[in-house]
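One letter stands for each residue in the lines below.
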Amino acid sequence: MKLGAFSVSLAVKDIKASKTFYETLGFSVFGGDLEQNYLIMKNGESLIGLFQGMFENNILTFNPGWDQNANTLENFDDVRTIQKALKAKNIKFEHEADHSTSGPASFAVLDPDGNAILIDQHI
């Protein structure tokens, strides 16, 4: 199962303060929009997303079809294929991708400790 690029999506209280903090750690803005209260920051191959007011808890995020630079991969497992494989293993879903569609879609699951995992395909 190929999950794609990995990042941690952080629910932050003050995106400007968080941006400054992570810049101090060597991260730089890779994407997003400060005015829309979200940024994607990168340090080497490490990615974090800063999201103010969009969700309550931190989320582990995987992007099928992307490498760590948001380049499209030639071969990848579609989000619906991953979802089908997890359903066959009796994983409970928080929300599901529509299996009758193609292209961008997402689903979310919780690990045994309640940590959210988002599989978010953009292509």
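Residues numbered from 1 in each chain as written. Predicted model: local features only at pLDDT ≥ 70, side-chain atom pairs only at ≥ 80, totals over all residues. Heavy atoms only, no water.

Caption draft 1: Representation of helix α1 (residues 15-24) in the model. Those residues of α1 that sit buried are Ile15, Ser18 and Tyr22. With its buried residues spanning 60 degrees around the axis, α1 presents them on a single face. Set apart from the buried face of α1 by more than 90 degrees, the exposed residues are Lys16 and Thr24. Lining the buried residues of α1 we find β1 (5-12), β3 (38-43) and β4 (46-52). Sitting at the amino-terminal end of α1 is Asp14, which places a side-chain oxygen 3.1 Å from the backbone nitrogen of Lys16. Phi turns positive, to about 100 degrees, at Gly26, one or two residues after α1. (Buried < 20%, exposed > 50% of the residue type's maximum accessible area, 1.4 Å probe, protein only. Helix = DSSP H or I, 4+ residues; strand = E, 2+ residues; numbered from the N terminus. Arc of directions from axis to C-beta. Contact = heavy atoms within 4.5 Å. Polar contact = N/O pair within 3.5 Å; in protein donor to acceptor, adjacent residues only side chain to side chain.)

Caption draft 2: Highlighting the packing of aromatic side chains. A full pass over the atoms with the stated rule returns 6 aromatic pairs. For the ring pair Phe21 and Tyr22, a centre distance of 5.0 Å and an interplane angle of 90 degrees mean the geometry is edge-to-face. Arranged with centres 5.2 Å apart and planes meeting at 45 degrees, the rings of Phe51 and Phe55 form a pair that is tilted. For Phe55, a relative accessible area of 26% puts it in the partly exposed group. (Phe/Tyr/Trp six-rings, centres within 6.5 Å; stacked < 30°, edge-to-face > 60°.)

Caption draft 3: Representation of the environment of Ala108. Relative to the helices and strands, Ala108 resides in strand β7 (residues 105-110). Assessed through its relative accessible area of 12%, Ala108 is described here as buried. Placed 29 residues apart in sequence, Ala108 and Val79 show a C-alpha to C-alpha distance of 11 Å. In contact with Ala108, other than residues within four places in its own chain, are Phe93, Glu94, His95, Ile117 and Leu118.

Caption draft 4: Here's a closer look at the pairing of β3. Bridge count for strand β2 (residues 28-33) against β3 is 5 bridges, and the pairing is antiparallel. The partner of Ser28 across the bridge, within β3, is Lys42. Hairpin connection from β2 to β3: 4 residues lie between these consecutive antiparallel strands, with Asn37 at a positive phi of about 65 degrees. Alignment of β3 against β4, held across 6 bridges, turns out to be antiparallel. (Pairing = 2+ DSSP bridges.)

Caption draft 5: Just unusual backbone geometry, in detail. Of note, the phi angle at Asn37 is positive, near 65 degrees, even though the residue is not glycine. A residue is classified by how much of its surface remains accessible, and Asn37, at 28% relative accessible area, is partly exposed. Phi is positive for Ala70, close to 65 degrees, though the residue is something other than glycine. Mapped onto the elements, Ala70 comes out in the loop between β5 (59-63) and α2 (79-88).

Caption draft 6: Summary view of the pattern of salt bridges. One pass over the full model with this rule turns up 3 salt bridges. Here Arg80 and Asp78 are joined by a salt bridge, their closest N and O atoms 2.9 Å apart. The exposure class of Arg80 is buried, given its relative accessible area of 9%. (Salt bridge = Lys/Arg side-chain N within 4 Å of Asp/Glu carboxyl O.)

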